[in-house]
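Summary of the model geometry
Below are the chains, spelled out letter by letter.
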Protein chains: 2
Amino acid sequence: MKYPKALEELIASFKKFPGIGPKTAERLALHVLLGADQEDVKSLSSNLLKALEEVHPCKNCGILTDQDLCFVCKDYTRTKQLMILENNKDMISIEATGQYHGRYHILNGVISALNGVGPDDINLGSLKQRIKDEGITEVIISTNPTLDGEMTAYYINNLLKDELEVYRIGYGLPAGTNIEYANETTLIKALEGKRKM
Amino acid sequence: MKYPKALEELIASFKKFPGIGPKTAERLALHVLLGADQEDVKSLSSNLLKALEEVHPCKNCGILTDQDLCFVCKDYTRTKQLMILENNKDMISIEATGQYHGRYHILNGVISALNGVGPDDINLGSLKQRIKDEGITEVIISTNPTLDGEMTAYYINNLLKDELEVYRIGYGLPAGTNIEYANETTLIKALEGKRKM
């Protein structure tokens, strides 16, 4: 015997999320039925669909947006610098420092031999054209200082180094961690310490 | 700046779950938009509503069911024993042993002075009447051996002890562990619960 079918199906749905194991999925599903405010559950249900419908990567840079262009791409005061990041969370962290005023290009992924992710699988196809169209004068590659992040930086540097100045974010970052978890001061130091690739 | 509104709302919805902090909520919400199969997200959305609609505690015993009475309450072969448990997960664990053939009464909670949960806040109202109606001859209180679980067991024992045999589930050493690592309370309880070989 296990739970009623609808409950088992809910557990299975939660289990599809990365980092949600069987025990956590069971706990979440039981909370839906026994602990949660029914209105909160209905909100989650509709917010899932609403987010799917309304939010998508900016067609220019990859930042998640509910508009055609994201808030950065619509901001004419941004400098001609372009920061390349692995994901949206990293962009939020960089923006929070208030020290960077350029544009972004979000890869939404990273080149990874181990996971079989190649250059064509991440948001790189439009990069060269974009740099030309927008008159970008400087690229700062801020992929994470991990094996995959470094390989991706190396690949992008090779792609761009003949056309403009390419920088790597400064090594104020402790190796092996993620930008998302770095504190603001570390991020500011890293920005100051950018170096030519 | 933060994320688009629909994404922020989805993060907020995830954050309402116990054990889901801001970072995890953000990770789950971003997965919905950037990693997940859209069909899986739609399934989660509809499974949440379906579970709310179809699944509820059995009106007799508190076991989650999509019927009027749960699989145990409909089972006429069950003995006249009644095991009192804190929650549905504990029932699943007891059933998995295959060694208990009685009925259940699920409290869906536990009396807790610290959390302001009183006897009226858990599934106790119908207990005495149920014992009479079903001709229960023996009650086994299997709340958890925690402060709140013990208090709840003590309260229920006082409620029922004049009417029938009330047992507490056995205490002692968990199988497969070492005495060296058991805490004092466990060892004292194990000594109290010694039995003839």
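Residues numbered from 1 in each chain as written. Chains lettered and ligands numbered in written order. Predicted model: local features only at pLDDT ≥ 70, side-chain atom pairs only at ≥ 80, totals over all residues. Heavy atoms only, no water.

Across its full length, chain A holds 7 helices and 7 strands. Going from N to C terminus, chain A has its helices and strands arranged as α-α-α-β-β-β-α-β-α-β-α-β-α-β. Each principal axis of the C-alpha distribution contributes one length, and for chain A these read about 65 × 35 × 35 Å. Within chain A, the proportion of its 197 residues that are buried is 48%. A separation threshold of at least 6 residues defines the contact pool for chain A, and within that pool the share at least 24 residues apart is 54%. Working note: accessible area of chain A is about 9400 Å², and carbon and sulfur atoms make up 51% of it. Of the charged side chains in chain A, 23 are positive and 27 negative; the average position of the first set lies 2 Å away from that of the second. (Helix = DSSP H or I, 4+ residues; strand = E, 2+ residues; numbered from the N terminus. Buried < 20%, exposed > 50% of the residue type's maximum accessible area, 1.4 Å probe, protein only. Contact = heavy atoms within 4.5 Å. Areas by Shrake-Rupley, 256 points an atom, 1.4 Å probe, with all protein chains shown as cover. Lys, Arg positive; Asp, Glu negative; His and termini not counted. Charge placed at Lys NZ, Arg CZ, Asp CG, Glu CD.)

All right, on to the interface of chain A and chain B then. Chain A puts 51 residues into the contact, and the matching count from chain B is 50 residues. Buried area between chain A and chain B, summed over both chains or domains, comes out near 5000 Å², and the portion from carbon and sulfur atoms is 75%. Between Lys16 of chain A and Asp40 of chain B there is a salt bridge, and its shortest N-O distance comes to 3.2 Å. Where chain A packs against chain B, one counts 11 residue pairs in polar contact (both at pLDDT 80 or more). Mapped by element, the contributors of at least two residues to the side of chain A that touches chain B are α1 (5–15), α2 (22–34), α3 (38–54), β2 (64–65) and α4 (88–97) of chain A. Residue classes in the side of chain A that touches chain B are distributed as 28 nonpolar, 10 polar and 13 charged. (Buried area = accessible area lost by both parts, 1.4 Å probe. Salt bridge = Lys/Arg side-chain N within 4 Å of Asp/Glu carboxyl O. Polar contact = N/O pair within 3.5 Å; in protein donor to acceptor, adjacent residues only side chain to side chain. Nonpolar A, V, L, I, M, F, W, Y, C, P; charged D, E, K, R; others polar.)

Residue and element names in this part refer to chain A. Of the two faces of strand β4 (residues 103–106), the one carrying Arg103 and His105 and the one carrying Tyr104 and Ile106 are both buried. Here strand β3 (residues 81–85) runs beside β4; their pairing, made up of 4 bridges, is parallel. By the bridge assignment for β4, Ile84 is matched with His105. Where the polypeptide runs from β3 across α4 and back to β4, its parallel neighbour, the crossover connection is right-handed. (Pairing = 2+ DSSP bridges. Right-handed = clockwise from strand over helix to strand, strands pointing away.)

Judged by how many residues are buried, β3 of chain A sits mostly within the fold: 5 of 5 residues are covered. Because side chains alternate across β3 of chain A, one face comprises the buried residues Gln81, Met83 and Leu85 of chain A, and the other comprises Leu82 and Ile84 of chain A, equally buried.

In this section: the domain arrangement of chain A. Assigned domains within chain A: domain 1 (5–54) and domain 2 (64–196). Measuring from the centre of the C-alpha atoms in domain 1 of chain A to the corresponding centre in domain 2 of chain A gives 33 Å. (Domains from an automatic or database assignment.)

Attention shifts here to helix α2 (residues 22–34) of chain B. Because the α-helix completes a turn every 3.6 residues, residues three or four places apart line up on one side. In this model, α2 of chain B (13 residues) spans 18 Å end to end at C-alpha, consistent with the 18 Å of a helix rising 1.5 Å per residue. Every buried residue belonging to α2 of chain B is among Ala25, Glu26, Leu28, Ala29, Leu30, His31, Val32 and Leu33 of chain B, and all of these are buried. Tucked inside the fold, the buried residues of α2 of chain B contact α3, β2 and α4 of chain A together with α1 (5–15) and α3 (38–54) of chain B. (Expected span 1.5 Å × (residues − 1).)

The backbone of Asn108 of chain A sits at a positive phi, close to 45 degrees, despite the residue not being glycine. Residue classification places Asn108 of chain A among the partly exposed positions, given a relative accessible area of 29%.

Gaps between atoms show up when a probe of the same size as a water molecule is rolled over them. Its boundaries defined by the atoms lining it, the largest pocket holds a volume of some 520 Å³. Lining the largest pocket are 18 residues, and of these Asn87 and Lys89 of chain A together with Arg27, Leu30 and Leu34 of chain B lie nearest its centre. Of all the secondary-structure elements, those providing two or more residues to the lining of the largest pocket are α4 of chain A together with α2 of chain B. (1 Å grid on protein atoms, 1.4 Å probe; cavity = no way out; pocket = protein on both sides within 12 Å on 5 of 7 lines; lining within 4 Å. Points joined across faces, edges and corners; volume = space filled by probe spheres on them.)

The subject of this paragraph is the nonpolar core. Counting 78 residues, the largest nonpolar core has Phe14 and Tyr104 of chain A together with Phe14 and Tyr104 of chain B as the members making the most contacts within it. Residues contacting Phe14 of chain B, with those up to four places away along its chain left out, are Phe17, Leu44 and Leu48 of chain A together with Ile20, Ala25, Leu28, Ala29 and Val32 of chain B. (Core = buried A, V, L, I, M, F, W, Y, C linked by side-chain atoms within 4.5 Å.)

What follows concerns a nonpolar patch on the surface. On the surface, a cluster of nonpolar side chains totalling about 370 Å² of accessible area is made up of Leu147, Met151 and Tyr154 of chain A. As for its placement among the helices and strands, Tyr154 of chain A is situated in helix α6 (residues 147–160). (Patch = residues over 30% accessible without salt bridge, like charges linked within 9 Å, V, L, I, M, F, W, Y side chains within 5 Å.)

Once that is clear, we can look at the sheet that holds strand β4 (residues 103–106) of chain B. Residue and element names in this part refer to chain B. The strand order across the open sheet formed by 4 strands is β4-β3-β5-β6, and the pairing between neighbours is parallel. Single-partner strands in this sheet number two, and they are β4 and β6 (165–168). Strand-to-strand twist across the sheet, computed as the mean angle between neighbouring axes with direction ignored, equals 25 degrees. Here helix α4 (residues 88–97) sits on the sheet in contact with β3 (81–85) and β4, set at roughly 160 degrees to β4. (Axes fitted to C-alpha atoms, helices over the stretch in contact; angles between N-to-C directions.)

With that settled, consider the environment of Leu159 of chain A. Residue and element names in this part refer to chain A. With respect to the helices and strands, Leu159 occurs in helix α6. What makes Leu159 partly exposed here is its relative accessible area of 26%. Considered as a pair, Leu159 and Lys128 are 31 residues apart in the sequence and their alpha carbons are 8.3 Å apart.

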